[in-house]
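Residues per chain, in single letters:
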Amino acid sequence: MKKLFAVQTNLTSAAYPIAKMIIALLVVVVAFVISMHSTMSATWVVFLIRLICVVLTLASVLLIYISIGELIIVGENRKNDGKNLPSKAYTMEYVLSLVKENDIMEFEIQAKGRVVKMGASADCKAGSSAFFDKKYYVGDHEYETLEMFEKALLHYATNGELRVITIDGIKVEKWQ
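Draft legend 1. Broad picture of the overall build of the protein chain. Helices and strands together make up the secondary structure of the protein chain, namely 4 helices and 7 strands. Reading the protein chain from its N terminus to its C terminus gives the helix and strand order α-α-β-α-β-β-β-β-α-β-β. Relative to the compact-globule value of 16 Å for 176 residues, the protein chain shows a C-alpha radius of gyration of 26 Å, a clear excess of over 25%. Structurally, the protein chain occupies a C-alpha span of about 85 × 40 × 25 Å along its principal axes. For the protein chain, with 176 residues in total, the buried portion stands at 30%. Here the contacts in the protein chain between residues at least 6 apart in sequence split such that 58% fall between residues at least 24 apart. Summed over its atoms, the accessible surface of the protein chain is roughly 11,700 Å², and 62% of this surface lies on carbon and sulfur atoms. Placing the 19 positive and 18 negative side-chain charges of the protein chain at their respective mean positions leaves the two points 10 Å apart.

Shown next as structure tokens:
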């Protein structure tokens, strides 16, 4: 039951969220019908039945909101799976030389059935063009040195090449 109300962030099919929404809507309708037709002699029984119906309705509305969020996540997961995106193979050496030469650079690569962002970032003071504190990143992980960055990239390379989708937000077929 706990997992029912938890947002599933790894879904790629809309079947589970839609099924949850249909069941939640059915629960709301049944609770409404029972609440409206509960006419017993004991008023405390009617109160208890209506209270249970209200609780079920609130839980169902929450479940519908969660399912809508999961449907949005399914769309994002399908968009970010990287399977149908045009890409170009670049050697690790070429990608590493670009990252080393540029203080700020970002690549989107296709790896392991998903899109992964990687590159270099640096800081600068306001009004200055001098960069400092350069770091490298792959996904959510940061690396202090180019060697550590290279080692992390090896997990995403195939035969020493990376499938690049974008470079600094520009699709590879348009990038020079």
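Draft legend 2. Main features of the pattern of salt bridges. Here the structure, examined in full by the defined rule, presents 4 salt bridges. Across the pair E108 and K117 runs a salt bridge whose closest N-O atoms are separated by 3.7 Å. Of the residues examined, K117 reaches a relative accessible area of 40% and is grouped as partly exposed. In this structure, K135 and E144 form a salt bridge, with 3.7 Å as the shortest nitrogen-oxygen distance. Judged by its relative accessible area of 17%, K135 falls in the buried class. Residues joined in a network through salt bridges with shared partners are D133, K135 and E144.

Draft legend 3. A look at the environment of C53. Structurally, the position occupied by C53 is in helix α2 (residues 43-79). C53 gets classed as buried once you look at its relative accessible area, which sits at 7%. Sequence spacing of C53 and E150 is 97 residues, and the spatial spacing of their C-alpha atoms is 58 Å. For C53, the contacting residues outside a window of four places in its chain are A31, I34 and S35.

Procedures and definitions
- Residues numbered from 1 in each chain as written.
- Predicted model: local features only at pLDDT ≥ 70, side-chain atom pairs only at ≥ 80, totals over all residues.
- Heavy atoms only, no water.
- Helix = DSSP H or I, 4+ residues; strand = E, 2+ residues; numbered from the N terminus.
- Rg over C-alpha atoms; globule rule 2.2 N^0.38 Å.
- Buried < 20%, exposed > 50% of the residue type's maximum accessible area, 1.4 Å probe, protein only.
- Contact = heavy atoms within 4.5 Å.
- Areas by Shrake-Rupley, 256 points an atom, 1.4 Å probe, with all protein chains shown as cover.
- Lys, Arg positive; Asp, Glu negative; His and termini not counted.
- Charge placed at Lys NZ, Arg CZ, Asp CG, Glu CD.
- Salt bridge = Lys/Arg side-chain N within 4 Å of Asp/Glu carboxyl O.

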